Amino acid sequence: MNRVVEAQVALLMQGSEFGDPEIKRTMAKELQERLLRAQAEGRSLQVYCGYDATRPDLHLGHTITLRKLRQFQDLGHEVTFLIGDFTTRVADPSDQDGLRPQLEEEQIRENARTYAGQAFKILDPDRTRVRHNGDWLSTLSMEQVLKIAGSFTVGQFLARDSFRKRSAAGDPIWLHEFFYALLQGYDAVALRADVQLGGTEQLFNLLAGRKLQEAYGQDPQVCITFPILMGVDGHTRMSKSAGNYVGIAEAPEAIYGKIMSIPDQVMIDYFKLVTRWTPDQVGQIEADLAAGRIHPMEAKKRLAWELVDCYHSSPAANAAAERFERVHQKRKLPREMPEMPVGEPMAIPELLVVAGMCQSRSEGRRLVHQGGVRINGEPVESIDHVVAPGEKVLQAGKRRFVRLVPPE
């Protein structure tokens, strides 16, 4: 085998995970063959990954595939950043124990508005095609839908873990949920893809793309899947719907603070999956932690600094680190915080909404009940608390501060 191609395969398959070693061997072999053929034909591979617009944020879990897409770009291949505006309407049942809520078209459009800009924190914008799968899925005729559906059996879907559990429990499985994999699979046909990336929970959908490509007379794509990143709670996968995520467009202090809150046992996975650190560097810090040469808090600070630097800058990472130490370790107020003029007495739930610390008064009341609201460092114990005008510091949670000031 061409040694250059051999090195490329090793790089591009690095970090991949399939569950079944035989599938991984098959995909690695097919990637080699596809690269050699493309090299002989003097063309680039067509590589893509899709991202549904269920929330307005891309998060650290998404960066696993985004970084791999960037590696394909750096090797000269054509990359498509696919926004799943149509598949978001169907709602992905993968790795779900129940029906995922369907979103309205306007909400999906608003969620997706800044996706490309966020992705360009990692991808090269000059070498990235941004597509929306609504461009082709919304135009499918009933005849085409029947052809797509005719490539699969109900038994294949019911064998999926999420559907099998729901079926055994007597929970409903809605017909449109089956169509998610079919429609995502058709993306591979529309893009004439050579390679598709995804998380391990997406393997069924990616393999559906291979099956449909064969039905449409195309060579089946190579599927490469990657491990799932645990959320900041350390218990469930990072997801927008669960709210346990770190958005890559979030403020530096928010990224830093969230990373400092992750449980120690998932820290190494973050180093492995979402940083620029090499396997040797990660191995060294893992060994240092095991030997007690570095405290977990110090390792986590390095991780938090690295991630703020990735998506903002080194000065922003330094400032976020200083702020964390000042506010959370030394229990002092941050040096800088936004100011909001208050000219009349205001009930605390309303004040939290006006200050942008929560989206509704009911959410503000819950925050108070949970002990998450402070005025000048003192906890607010009643939702009936009224804040009088005058300079004071309003705090919500551990990281959000607003200085209340008299109007000019």
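Residues numbered from 1 in each chain as written. Predicted model: local features only at pLDDT ≥ 70, side-chain atom pairs only at ≥ 80, totals over all residues. Heavy atoms only, no water.

**Q** Please explain the pattern of salt bridges as it appears in this structure.
**A** Scanning all chains against the criterion turns up 21 salt bridges. Of the charged contacts, one joins D288 and R293 as a salt bridge, the two residues approaching to 2.8 Å between their closest N and O atoms. Residue classification places D288 among the buried positions, given a relative accessible area of 16%. Residue R302 is joined to E298 by a salt bridge in which the shortest nitrogen-to-oxygen separation is 3.9 Å. Pair noted here: R302 and E298 are both in helix α16 (residues 296-311), with a separation of four residues, about one helical turn. The network of salt bridges with shared partners includes R34, E41, R43 and D194. (Salt bridge = Lys/Arg side-chain N within 4 Å of Asp/Glu carboxyl O. Buried < 20%, exposed > 50% of the residue type's maximum accessible area, 1.4 Å probe, protein only. Helix = DSSP H or I, 4+ residues; strand = E, 2+ residues; numbered from the N terminus.)

**Q** Whenever I open this one, the sheet that holds strand β6 (residues 339-341) confuses me. Can you help?
**A** Sheets are built from strands that pair by backbone hydrogen bonding, the pairs being arranged parallel or antiparallel. Strand order in this open sheet of five strands is β6-β12-β11-β8-β9, and the pairing throughout is mixed. Here the strands that pair on one side only, and so sit at the sheet edges, are β6 and β9 (378-379). Pairing of strand β11 (residues 392-396) with strand β12 (residues 400-405), which is carried by five bridges, proceeds in the antiparallel orientation. When the bridges of β12 are listed, L394 appears paired with V402. (Pairing = 2+ DSSP bridges.)

**Q** What's the story with the pairing of strand β2 (residues 78-84) in this structure? I'm lost.
**A** Two faces belong to every sheet, and in a regular strand the side chains alternate between them. Among the seven residues of β2, six are classified as buried, and the element is accordingly described as predominantly covered. Inspection of the sheet shows strand β1 (residues 46-52) paired to β2 by seven bridges, in the parallel sense. Along β2, the bridge assignment pairs G50 with L82. Read as a crossover between parallel neighbours, the route from β1 over helix α3 (residues 60-74) to β2 is right-handed. Across five bridges, β2 lies against strand β3 (residues 128-132) in parallel orientation. Paired with I83 across the two strands is H132, which belongs to β3. (Right-handed = clockwise from strand over helix to strand, strands pointing away.)

**Q** I keep staring at the side chain of H62 and nothing clicks. Help me out?
**A** For H62, the location among the structural elements is in helix α3. The contacts of H62, once residues within four sequence positions are left out, are Y51, D57 and K240. (Contact = heavy atoms within 4.5 Å.)

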